[in-house]
Amino acid sequence: MRSTVHRLSGAVGLAAAGLLALVLLASSSALGSTGTKDSGTGAGARHWVNTWTAMPQLTEPGNMPPPPFTQDGRVLDDSTLRQTVRATVGGDRMRLRLSNAFGGAPLPVTAVSVALPLDGRAGTAATEPGTARPVTFHGRASTSVPVGAQAVSDRLPFEVRAGTNLTVTMYLAEGQASDAITSHPGSRTTSYLLAGNHVTDGELPGATPTDHWYFLSGVEVEAPAGTDAVAVVGDSLTDGRGSTTNMNNRWPDQLFDRLRSRPATAGTAVLNQAAGGNRVLNDGLGPNLLARLDRDVLAQSGVERLIVFEGVNDIGTAPATPAAQKDTADQLLAAYDQIVTRAHAQGIRVYGATLTPFGGNELYDDADRLREATRQRVNAWIRDSGTFDAVIDFDAATRDPAAPDRLLAAADSGDHLHLTPHGYRLLADAVPARLLR
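These notes cover the structure that comes with them. Source: prediction; values computed, not measured.

1. A short note on helix α10 (residues 421-430)
- Taken as a whole, α10 has its buried residues at Gly 423, Tyr 424, Leu 427 and Ala 428. Looking down the long axis of α10, one finds its buried residues gathered within 145° of arc, a one-sided arrangement.
- Where α10 is buried, its residues touch α3 (236-239), α4 (251-260), β21 (303-309) and α9 (394-398).

In structure tokens:
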């Protein structure tokens, strides 16, 4: 633009430059007034904020859609997939994100609809009559998501209320021509599969239930100014192992319930970007945190804060030798520093959560207590290094005062690692509300 203006000369050039500036100003105003672009100022400003997310993963064989929906080299052929997800903040327009991050072939989606589930319940196959709306992609009912890519739907006028469940239904006429597909196995929410096209059906009699999410990685809402999101990265302790299926009582869910009950924090979305088995340093179930940070946090809409609660799997899977544990701790501390640096570059505040006890766990506890010593070293660094913008002390919230290397009995799901719904409430309550105003 500057080079064009510089080539203009005399009064004609000045007039043309002034006219061009007016055109640009008018265009900018028009974009802001339609809501297609965040104007960034004024009481009427709106912007896109993720209200729900699920970390995409390569689907393991045991988590593939059950027969007959998985065949050799093809998945969900001529099949309908219905899923429910919980919105955390509201808006009067929404859009979906579909992921083919780990698919071995393009993902051809024939039709998609969004509706409200019957009685507002999670994990139900039925929808409220008259609430289904078609979702489009560049004005078309269908889309094909390239390998490794995602697709964002068109903006849909559909009122989403904070704390309510949504039903998303997809139909794949030809299925995905691969044994590699993208999902989030730890949904803690029941989805449904049925042969044929049932995208607009209110009920799915005879549908096959499965407790996994497939292809759907995000729901965004066009929300008022002042609405933002906190992303949470973690492992199975955040993904919710030990929580109750279809009850949304993982600790991020319970944190959201607490935040929305207070006016000062009611405009904060809580985005769960965790996966069971995930690690900070090395791939496990899903890419390592350093590798997925851009995709799962920095590229998400409206994120202004990040909670990092991950590292237990790195410690627990490293050999119980002094050298291996020292190296793991050294690398974890350096990784946390990297995460903070990268998030700060995008204006995101980062809160570090201490690692909860695992004493007595069959896989992670060791006789010489080397892994416990590593956990203590990492927690001391999280608390005292000053690297994080704030510290959330999950260790203090859940440890047994009589045996600090172990979980409180009421918080222990039984394996001495994962928590009960009560234990997850202790985590949610340990997050200072002032950090999320």
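That shown, we press on.
2. Let's talk about the environment of Pro 224
- Its place among the elements puts Pro 224 in strand β18 (residues 216-224).
- Considering only alpha carbons, one finds Pro 224 and His 47, 177 residues apart in sequence, at a separation of 6.6 Å.
- Contacts of Pro 224, omitting those with residues within four sequence positions, involve Ala 45, Arg 46, His 47 and Gly 90.

3. A short note on the sheet that holds strand β17 (residues 213-214)
- Strand order in the open sheet made by the 3 strands is β2-β14-β17, with antiparallel pairing throughout. Two strands close off the open sheet at either side, each with one partner strand: β2 (57-58) and β17.

4. Let's talk about the packing of aromatic side chains
- By the definition in use, this model includes 9 aromatic pairs.
- Here the aromatic residues Trp 251, Phe 309 and Phe 394 are joined through ring pairs into a cluster of three or more.
- Taking the ring centre of Trp 48 as reference, the NZ or CZ of Arg 95 above it sits at 3.9 Å.

5. Some remarks on the packing of helix α5 (residues 289-298) against helix α7 (residues 322-344)
- Remark: α5 packs on α7, axes separated minimally by 11 Å, with the N-to-C direction vectors making an angle of 25°. By the criterion of interaxial angle, the relationship of α5 to α7 is roughly parallel. At the point where α5 passes α7, the crossing takes the right-handed sense. On α7, the residues that touch Leu 289, Leu 290, Leu 293, Asp 294 and Leu 298 of α5 are Ala 335, Gln 338, Ile 339, Arg 342 and Ala 343.
- Considering only residue class, the contact of α5 with α7 consists of 7 nonpolar, 1 polar and 2 charged.

6. Here's the deal with the side chain of Thr 398
- Along the chain, Thr 398 falls in helix α9.
- A distance of 2.9 Å separates a polar side-chain atom of Thr 398 from the backbone oxygen of Phe 394.

7. Points about the nonpolar core
- If you look at the biggest cluster of nonpolar residues, it comprises 95 residues, and the most contacted ones within it are Met 94, Met 170, Trp 251, Leu 306 and Tyr 336.
- With 8 residues, the single largest contributor to this core is α7.
- Core analysis: the next-biggest nonpolar cluster, separate from the first, contains 5 residues, Ala 125, Tyr 192, Leu 194 and Leu 204 among them.

8. A few points about unusual backbone geometry
- Residues Pro 67 and Pro 68 are joined by a peptide bond in cis, for which omega reads 5°.
- Here Pro 68 is to be found in the loop between β2 and β3 (70-71).
- Despite not being glycine, Phe 215 has its phi angle at roughly 70°, a positive value.
- Assessed through its relative accessible area of 1%, Phe 215 is described here as buried.

The rules behind the values
- Residues numbered from 1 in each chain as written.
- Predicted model: local features only at pLDDT ≥ 70, side-chain atom pairs only at ≥ 80, totals over all residues.
- Heavy atoms only, no water.
- Buried < 20%, exposed > 50% of the residue type's maximum accessible area, 1.4 Å probe, protein only.
- Helix = DSSP H or I, 4+ residues; strand = E, 2+ residues; numbered from the N terminus.
- Arc of directions from axis to C-beta.
- Contact = heavy atoms within 4.5 Å.
- Pairing = 2+ DSSP bridges.
- Phe/Tyr/Trp six-rings, centres within 6.5 Å; stacked < 30°, edge-to-face > 60°.
- Lys NZ or Arg CZ within 6 Å of the ring centre and 35° of its normal.
- Axes fitted to C-alpha atoms, helices over the stretch in contact; angles between N-to-C directions.
- Parallel < 35°, antiparallel > 145°, perpendicular 65-115°, else oblique.
- Left-handed = near helix turned anticlockwise from the far one by under 90°.
- Nonpolar A, V, L, I, M, F, W, Y, C, P; charged D, E, K, R; others polar.
- Polar contact = N/O pair within 3.5 Å; in protein donor to acceptor, adjacent residues only side chain to side chain.
- Core = buried A, V, L, I, M, F, W, Y, C linked by side-chain atoms within 4.5 Å.

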